[in-house]
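# Examination of the molecular architecture
In case you want the letters, here they are:
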There are 2 protein chains.
Amino acid sequence: MSTLPSLEILIEQFRRLPSVGRRSAERMAYAILDYSKEEANFFANAIIEAKENIKRCKVCHNFSEDEICPVCSDESRDHSVICVVEDARDIISLEKVKDYLGVYHVIGGTISPMKGVSPEDLNIKSLMYRLSNDDISEIIIATNPTVEGETTALYISRLVKPLGIKVTRLAYGMPVGGELDHADEVTIGRAIEGRKEL
Amino acid sequence: MSTLPSLEILIEQFRRLPSVGRRSAERMAYAILDYSKEEANFFANAIIEAKENIKRCKVCHNFSEDEICPVCSDESRDHSVICVVEDARDIISLEKVKDYLGVYHVIGGTISPMKGVSPEDLNIKSLMYRLSNDDISEIIIATNPTVEGETTALYISRLVKPLGIKVTRLAYGMPVGGELDHADEVTIGRAIEGRKEL
């Protein structure tokens, strides 16, 4: 029914979301029509509230509802180790593992001359500020293993090493449970490069 | 980050939508955090507006922004033929085909003693009202070919036939482009039952 502008607008809004096609967007919009007025208002409010309440941590640029994020304000964590990630979402993946007990720094992207992203556009200055003011023993660079991610990792390591701080990079290789014939060449290449003696 | 209640609430809201898993809901919620405040407000508003503006047509119970839906108010359509569907969404599928030029009646479900849905819970009374007041020549029953859909089709046809109105049912059989070895037994059964001489 192209004669239902409010429905069309809602469908378009759902379509904008990641990996939602026309069909799914339609189904989502119809689901909203089946909601009670209260349920629809609650959903609308959840969008506005999330956007309003969730800010960036003043220290590490992680998502936070307070000035300082829960990780940075956790005294039990090791504040001398900083894991550098591209995006705040990466922190959630890393936190799920529960193996890492240091803190983070979200640089907010990667250096990419193609996309016109230079180091000044990233949160690198605030990282250097932390390194010069706090007692940091190690920086773990966890940018993604893409060309831009590698460039950014190299850029940061060149800035940090002269300060006498240890700089490490996450290990890349075969994913656990992965099979060789399903892995891409770059991953296999990395796995060979990073091989360990048994 | 379980310590971000507003984000958790938003993720849960996305998860309630049809065929959205935890992972997709998370990605959608993060997408919202990347929206500008204006974009987030626009989305929230689209939900509220759709829910507020979209009512049910007073004649056929189709979705409508006006008292009478665009199909019912279209004078060029054949108002003597009514296609009975379970859900207003079915109208959209049928309208896409552009082959049908009659009008509709949304009964809003199917008779199901299992789910406690009796004929009184469906828009059957308003259908009978239309039949007795308007000049109707044919009723096409397009409820789904499920047990409940069939029961409902039979129930309606028993009510309508005594009025001397022609009652037909959509043809069910092999989907065009479908292959025999991919079709389910019920569909094949229907295709055999409804076979035509060449």
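For the structure, check the block above.
Presented here is a report on the structure given in the accompanying data block.

## A closer look at the overall build of chain A
Across its full length, chain A carries seven helices and six strands. For 198 residues, the compact-globule formula gives about 16 Å, and the C-alpha radius of gyration of chain A, at 21 Å, lies well above that figure. Dimensions of chain A, computed from C-alpha atoms along their principal axes, come out at roughly 65 × 45 × 35 Å. Buried residues in chain A amount to 43% of all 198 residues. Split by element, the accessible area of chain A, about 11200 Å² in all, is 53% carbon and sulfur. The centroid of the 24 positive side-chain charges in chain A is displaced by 3 Å from the centroid of its 32 negative side-chain charges.

## Let's talk about the sheet that holds strand β5 (residues 138-141) of chain A
All names here are of chain A. The four strands lie next to each other as β4-β3-β5-β6, forming an open sheet whose pairing is parallel. Each edge of the open sheet carries a strand with a single partner, namely β4 (102-106) and β6 (166-169). On average, each strand axis in the sheet is tilted by 25° relative to the strand beside it, whichever way the strands run. Pairing geometry for β5 and β6, over four bridges, is parallel. Bridged to glutamate 138 within β6 is lysine 166. Contacts from helix α6 (residues 147-160) reach β3 (78-85), β5 and β6, with the element oriented near 170° to β6.

Calculation notes
Residues numbered from 1 in each chain as written. Chains lettered and ligands numbered in written order. Predicted model: local features only at pLDDT ≥ 70, side-chain atom pairs only at ≥ 80, totals over all residues. Heavy atoms only, no water. Helix = DSSP H or I, 4+ residues; strand = E, 2+ residues; numbered from the N terminus. Rg over C-alpha atoms; globule rule 2.2 N^0.38 Å. Buried < 20%, exposed > 50% of the residue type's maximum accessible area, 1.4 Å probe, protein only. Areas by Shrake-Rupley, 256 points an atom, 1.4 Å probe, with all protein chains shown as cover. Lys, Arg positive; Asp, Glu negative; His and termini not counted. Charge placed at Lys NZ, Arg CZ, Asp CG, Glu CD. Pairing = 2+ DSSP bridges. Axes fitted to C-alpha atoms, helices over the stretch in contact; angles between N-to-C directions. Contact = heavy atoms within 4.5 Å.

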